[in-house]
Amino acid sequence: MELFTQEIKNMNKIDTKLYIGKIIRAKIDRQMGSKHPKHGFIYPINYGYIPNTISGDGEELDCYVLGVFEPIENFTGECIAVIHRLNDNDDKLVLVPENKKYTNDEIRVLTEFQERFFESIIVN
């Protein structure tokens, strides 16, 4: 049964790199300044998900929104990178306003509040 469950997860796994360079609409469920419901840290940036997608963890694909400096409920912007976790199956898209750029070092610093708990690479 466990093998079957893993096969189902693998079938649903999407290639997150396909989002890079695309305009994406996200729903923000953890607004800048809100507190994580389980771990208690504060979100210094807006964090959300892409509706109607399935990530490697079986949930909707998560995203960080950079370059917006107020709490928001929805966001449409360009995916400039994917944070690919090496020790977890939950990749994160990095979304920004159109024509805004961030270096990998800047992305790393701005997402460190949560990504410090994981090994990852930034793909762009």
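Calculation notes
- Residues numbered from 1 in each chain as written.
- Predicted model: local features only at pLDDT ≥ 70, side-chain atom pairs only at ≥ 80, totals over all residues.
- Heavy atoms only, no water.
- Buried < 20%, exposed > 50% of the residue type's maximum accessible area, 1.4 Å probe, protein only.
- Helix = DSSP H or I, 4+ residues; strand = E, 2+ residues; numbered from the N terminus.
- Pairing = 2+ DSSP bridges.
- pLDDT = per-residue confidence, 0-100.
- Contact = heavy atoms within 4.5 Å.
- Phe/Tyr/Trp six-rings, centres within 6.5 Å; stacked < 30°, edge-to-face > 60°.

## Examining the pairing of strand S4 (residues 74-85)
Burial of S4 is extensive: nine of the 12 residues sit out of reach of the surface. For strand S1 (residues 23-30) and S4, the ladder comprises five bridges, and the chain directions are antiparallel. In the strand pairing of S4, Ala-26 is matched with Phe-75. Two elements, S4 and strand S5 (residues 92-96), share five bridges in a ladder whose sense is antiparallel. By the bridge assignment, Ala-81 is partnered in S5 with Val-94. Connecting S4 to the next strand, S5, in antiparallel fashion are six residues.

## Structural notes on the confidence of the model for the chain
Any region with low pLDDT has predicted coordinates that should not be read closely. Averaged over every residue, the pLDDT of the chain is 88; residues scoring 70 or more account for 89%. Every residue in residues 1-12 is under pLDDT 50, and counting partners more than four places away or in other chains gives one contact.

## What about the packing of aromatic side chains?
For the structure on display, the rule yields six aromatic pairs. Seen from their ring centres, Phe-41 and Phe-113 are 5.7 Å apart, and the 65° between their planes marks the pair as edge-to-face. Of the two residues, Phe-41 sits in the loop between S1 and strand S2 (46-50) while Phe-113 sits in helix H2 (residues 104-115), which places them 72 residues apart along the sequence. The two residues Phe-41 and Phe-113 agree in class, both being buried. When the centroid spacing of 6.0 Å and the interplanar angle of 85° are considered together, the rings of Tyr-64 and Phe-113 count as edge-to-face. Taken as a pair, Tyr-64 in strand S3 (residues 61-65) and Phe-113 in helix H2 lie far apart in primary sequence, 49 residues in all. Each member of the pair Tyr-64 and Phe-113 is classed as buried.

## What to know about the side chain of Glu-115
Structurally, Glu-115 can be placed in helix H2. Glu-115 sits in the buried class, given a relative accessible area of 5%. Excluding its chain neighbours within four sequence positions, the residues that come into contact with Glu-115 are Tyr-64, Ile-83, Arg-85, Lys-92 and Ser-120.

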